[in-house]
Every structure is written in C-alpha cells, then in structure tokens.
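What follows is the residue order along each chain.
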Amino acid sequence: MTTAATDTPDDLFQDALKNLDEAFAYAEIHPEALERLRHPRTSIEVSIPVRMDSGEIRVFTGYRVRHDDTRGPGKGGIRFHPKVDIAEVKALAFWMTCKCAVMSLPFGGAKGGIEVDPKELSKLELERLSRRFIQRIADFIGPDVDVPAPDVYTNPMIMGWMMDEYSKITRHHTPAVITGKPIPLGGSLGRNEATGRGAYFCIKEHELHRGWDPKTTTVAIQGFGNAGQAVAQLLHADGYQIVAVSDSKGGIHRKEGFHIPSLIQAKNDSHRLQAVYCQNGLCTLMEAQSISNQELLELDVDILIPAALENVITSANADKIKARTLVEVANGPVSTDASPILRENDVYVIPDILANAGGVTVSYFEWVQNKAGFYWTEEEVNQRLLEKMRTEFHNVYDLSQIHDIDMRTAAYVLALKRIGAALTAQGTKDYFEAQQP
Ligand code: GLU
C-alpha cells in the first residue's frame, strides 16, 4: 500500500464527518438528521482465533460497523489490512451511507475489516480466517440486515467462503447475504470491473464538459488493484494516455503512455508492476522511469486517479498537485483540510462517494438478482450501471451549479437530502411537538 503523508488526521471518522457541516447549509433538512448521522448505529469488535498451518493459534481482531440503516439494510465491504482500526471502519461505513444515498440505492451504510496482512497468510489460513470472522458476526449481518462485499485485499473467492459459511450457520442457502461473489456462486456479471467502470462513466460525462480529446489527455493512476486496473483498461481502450501507474512497491512513468493490457498481464503473472509490452504470450521490457507514489501524485497530468487508500493527499502535498481533474476511485484519498487547497488551485474533484459508487451499484444489482433468483446478461448490468451513473452524476453536477459549490459538497448535499427525507418521514421534534394536546 501507499505511504500516507505525515499529517493525516488522528480520527478518520471525525474528520470524515466535517463534510456534513458544509453540506448541511444547502440540504434543507432537519438538524436532527445531522445529529443522527454523527453516531454509528452499531459497532462491534470481535476476536478471531485461527489455527495456522504451523499448528499454532493466532488471534486476529475484526470489526463490523453499521453506520445507518434508515434507507435500507447496511451495505459495505470488508477489508483485510494491517492498519485497519475502528475509526477507519466507522469512516468507511459513514461514506457507504452517503454513497448509497447519492446513488439512490435502498441501502444504508456499513463496513468491516480485519487487522491482518493477507500476503503473510497461506490460502488455507485465509479461508479459516474468513469463515471464522463470519461465525463471529453472523448475528449482525443478513440479506435484510447488513450485506458485506469485497474491499481492499478481499476478493470474490473470499466472498464465496463467507456466503457459504453464513449459509451453513443459518442452514439456508443465502446468496443475498454478501455481494461480489464468484459467478458460479450467485455473483453478478460485471461486478468485478464495476468500480472502475463507474469511474470511467464519470470521466466520460466530465469529458463532455471539458471537451477533451482522449488521445491527448494524460492520466496517472495510483494503485493498480481491482479498481485501478479496470479504470485503466477502459480509459486505454478509449485512447487515453495512461502515463504513470503505481502499486504498493512504487510506480512507473512513461511520457508516451503504457499499453495497459500488457501491464495487467505482467502484473498478474509475476505479481510485480513492470513496464512491458506483451504479444502472443511474449513480454518484452520497455524503457520507463521508476517513480515513487508521492512523485506520481505530483505529476503534471490532466487526470489523477488515486485508487489505493485514504489520506494520500493532505495539507502537506495538496499544493503540489498539478493535475486539473482528480477522480477519487479510493475511499477518502483526500483529507478534509486538503479539499480547500485543491479548490483554491482549481483542481476539479469528482468525489469518492460518486466516482467509486459503481461497485456498490452493481452489488445492489447482484442482491436484486439473488433475491429474485433471476440473472441478467453482462450487457444489461453495464447498461443499468451507465444509466445510474449518468443520472446521479448530473444530479450532483446540477446541485454544484445551482449553489456554486464543488462536486464533493454537492454530493453530500444530495446524500443529506435523501437521508434527511427518510429520517423526517419517521418523525422529527416538530412533528412530535405538533401532536401534544
Ligand atoms: N467496497 C466497495 C466500496 O467501498 C463496495 C461496497 C459494496 O459493494 O457493498 O464501495
């Protein structure tokens, strides 16, 4: 993973909540709604003992936070990462509440995580850890309660184990308890690339405003995991010049751009990011400059896509960002004190709760298909995703124009309006006072 700048906020959740205050001024909702969103509904911490291949027991710590479920069951991924902590999981759950509201999905927000470096575990250890975590949280999740999904360093296979474990515990085959599953276990076509595809659709809408020619538009991508690869692939196929990419170990830069399918093939074959060009199974090394993750963020490109972890752009480096457009494919890559600096410097930010919402949107489609027992073609999934992304991109954009605010604030205004309406429908102080004799 990338190294964060030094002045990252101590409590990610409290920092994330600051976005609400700015948006509240435009949302026209009851202040009670804001108060409700400051407090996650349920947070649990569990210990997960796992028998390692050596025969020893290791105890891991896991979390599941349901931030809000006013608009529907909690929804959000589970990440495996050594730096997971409760404040981070609360922030991620809060972002899910806002993201599902921005996309008008019938879900609230949730998130989970296990403090573990999955690269140190064997496949069998990983399976035992995944199943044990579900044993610990089974009472807190369910298709109509809280529906997990993949996140950083988790994948369809892990989702499949988790769904299987939940089904064993409840003695009911329950595919709708988890999304992002392998296709043969009830996963949805198109889910794996959905986060990247959603971001790509946002860039295409923005392209109309900017009048860009993809062939002369340069892109740098920080993070070359599932979402980073998918957005790189789609942009490359469209003619965009991807001139820099990086992973947790560092990055590569080439002014003429990379052939993305070759990079993906080489990375997946060797687990290393290499500047290569592959043809007929043969890969040859290309000239490219090695750069650090920090250097990549500061490159003079048209579009910068952080697609790894939170807080990689903070007040320490925001002033050095030269890209004109920043598309947040990671959750929370920009700290709240960095946002005004970017705004001042005219960096146009397409915020995470919109730009990376393609993943949870196709998770919603997967949940619908599981519940209906009726499956869609990949074309249907992608077409429905396109319609959703377009509609909500324009709803956010229109709010940003009406109030003369940036896209991030506008996205929170839209989320607050929808969550506020649901909370108001349950009754506010004014309503109950009016009932007094
Ligand atoms: N982990 C993804 C996110 O942060 C997907 C969540 C989901 O599909 O529920 O949006």
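Located above this text is the structure these notes cover.
Described in the following lines is the structure provided in the data block. Being a predicted model, the structure only gives us computed values, none of them experimental. Along every chain, residues carry numbers that run from 1 in the direction the sequence is written. Confidence filtering applies because this is a predicted model: local features only for residues at pLDDT of at least 70, side-chain atom pairs given and counted only at 80 or more, and all residues used for totals across whole chains, interfaces and linings. Each side-chain value is derived from all of the structure's non-hydrogen atoms; neither hydrogens nor water enter the calculation.

### Here we look at helix α12 (residues 358-372)
Between its terminal C-alpha atoms α12 stretches 21 Å, which fits the 21 Å expected from 15 residues at 1.5 Å a residue. Every buried residue belonging to α12 is among G358, G359, V360, T361, V362, S363, Y364, F365, E366, W367, Q369 and N370, and all of these are buried. Contacts from the buried residues of α12 go to β3 (74-75), α3 (86-102), β6 (146-147), α6 (194-210) and α13 (378-403). Within two residues after α12, G373 carries a phi angle of roughly 65 degrees, on the positive side. Strands here mean DSSP runs of E at least two residues long; helices mean DSSP runs of H or I at least four residues long; both are numbered from the N terminus. Expected helix span is computed as 1.5 Å times (number of residues minus one). Only protein chains enter the accessibility calculation, which uses a 1.4 Å probe; a residue is then buried when its area is under 20% of its type maximum, exposed when over 50%, and partly exposed in between. Whether two residues touch is decided by their heavy atoms; if any such pair falls within 4.5 Å, the residues are in contact.

### A word on the pairing of strand β11 (residues 282-285)
Two strands pair under a simple rule: DSSP has to find at least two bridges between them. Examined bridge by bridge, strand β10 (residues 276-279) and β11 share 4 bridges and lie antiparallel to one another. The partner of C278 across the bridge, within β11, is C283. Two successive antiparallel strands, β10 and β11, enclose a turn made up of 2 residues, where N280 displays a positive phi of approximately 50 degrees.

### What about the packing of aromatic side chains?
Here is the rule: rings of Phe, Tyr and Trp (six-membered ring for Trp) pair when centre to centre is within 6.5 Å. Planes less than 30 degrees apart are stacked, more than 60 are edge-to-face, and the remainder are tilted. On inspection of all chains with the given rule, the structure shows 8 aromatic pairs. Relative to Y412, the ring of F94 has its centre 6.3 Å away and its plane inclined at 15 degrees; by these criteria the two rings are stacked. Of this pair, F94 sits in helix α3 while Y412 is found in helix α14 (residues 407-425), placing the two residues 318 residues apart along the sequence. Judged on exposure class, the residue F94 and its partner Y412 are both buried. Summarising the aromatic geometry, the rings of Y364 and F365 are spaced 5.9 Å apart at their centres and angled 45 degrees between planes, so their arrangement reads as tilted. By relative accessible area, which is 4% here, F365 ends up buried. Among the aromatic residues, those joined into a cluster by ring pairs are F107, Y364, F365, W367 and W376.

### Some words on a negative patch on the surface
A residue counts toward a patch only above 30% relative accessible area and without a salt bridge, and it is joined to like-charged neighbours within 9 Å or, for Val, Leu, Ile, Met, Phe, Trp and Tyr, to nonpolar neighbours within 5 Å. Using a 1.4 Å probe, the Shrake-Rupley method yields the accessible areas, and only the shown protein chains count as cover for residues. Salt bridge, as used here, is a side-chain nitrogen of Lys or Arg placed within 4 Å of a carboxyl oxygen of Asp or Glu. By the counting scheme adopted, Arg and Lys are positive, Glu and Asp are negative, and His together with the chain ends is not counted. All charge positions are set by atom: Lys at NZ, Arg at CZ, Asp at CG, Glu at CD. On the surface, a cluster of negative charge is made up of D11, E45, D85 and E115. One can find E45 in strand β1 (residues 42-51). When its relative accessible area of 59% is taken as the criterion, E45 is described as exposed.

### Focus: the site of the ligand
Residues are counted as near a molecule or strand when any one of their heavy atoms sits within 4 Å of it. Around the ligand there are 14 residues in total, and K75, K99, P150, D151 and S363 lie nearest to it. One of the side-chain nitrogen or oxygen atoms of D151 is found 2.8 Å away from a nitrogen atom of the ligand. Contact with the protein chains removes 95% of the 300 Å² of surface that the ligand exposes when unbound. For the shell around the ligand, the elements supplying multiple residues, two or more each, are α3 and α12. Top contributing element to the shell around the ligand by residue count: α12, with 3 residues. Split by residue class, the shell around the ligand holds 4 nonpolar, 5 polar and 5 charged. Each polar contact in these results corresponds to two N or O atoms within 3.5 Å; when the atoms are within protein, one needs to be able to donate a hydrogen and the other to accept it, and residues that are neighboring in sequence are counted only if both atoms are side-chain atoms. Residues are sorted three ways: Asp, Glu, Lys and Arg are charged, Ala, Val, Leu, Ile, Met, Phe, Trp, Tyr, Cys and Pro are nonpolar, and all the rest, Gly among them, are polar.

### Observations concerning the sheet that holds strand β2 (residues 57-68)
A sheet is described by the order of its strands in space; here 4 strands give the open sequence β1-β2-β5-β4, paired in mixed fashion. With one partner strand each, in any of the chains shown, β1 and β4 (78-81) form the two edges of the open sheet. Sheet twist, expressed as the mean angle between neighbouring strand axes with direction ignored, is 20 degrees. Relative to strand β5 (residues 109-115), β4 is paired through 4 bridges, and the arrangement is parallel. Its bridge partner lying in β5, H81 is registered against E115. The convention used is that axes are lines fitted to C-alpha atoms, helices contributing only their stretch in contact, and that angles between N-to-C directions extend from 0 to 180 degrees.

### Some points on the sheet that holds strand β14 (residues 325-327)
Spatial ordering of the open sheet is given by β12-β9-β8-β7-β13-β14-β15, a layout of 7 strands whose pairing is mixed. Of all the strands in the sheet, just β12 (289-291) and β15 (348-350) have a single pairing partner and so form its edges. Each strand axis lies, on average, 20 degrees off the axis of its neighbour in the sheet, ignoring direction. Looking at chain direction, strand β7 (residues 218-222) and strand β8 (residues 241-247) are connected through 5 bridges and run parallel.

### Examining the state of the cysteines
The disulfide criterion used throughout: a pair of cysteine sulfur atoms within 2.5 Å. Under the defined criterion, the tally for this structure stands at 1 disulfide. Across a sulfur-sulfur distance of 2.0 Å, C278 and C283 are joined as a disulfide pair. For the disulfide bridge between C278 and C283, the dihedral angle about the S-S bond is near 105 degrees, and by the sign convention the bridge is right-handed. No disulfide involves C98; its sulfur sits 9.4 Å from that of C100, the nearest cysteine. Judged by relative accessible area, which is 2%, C98 ranks as buried.

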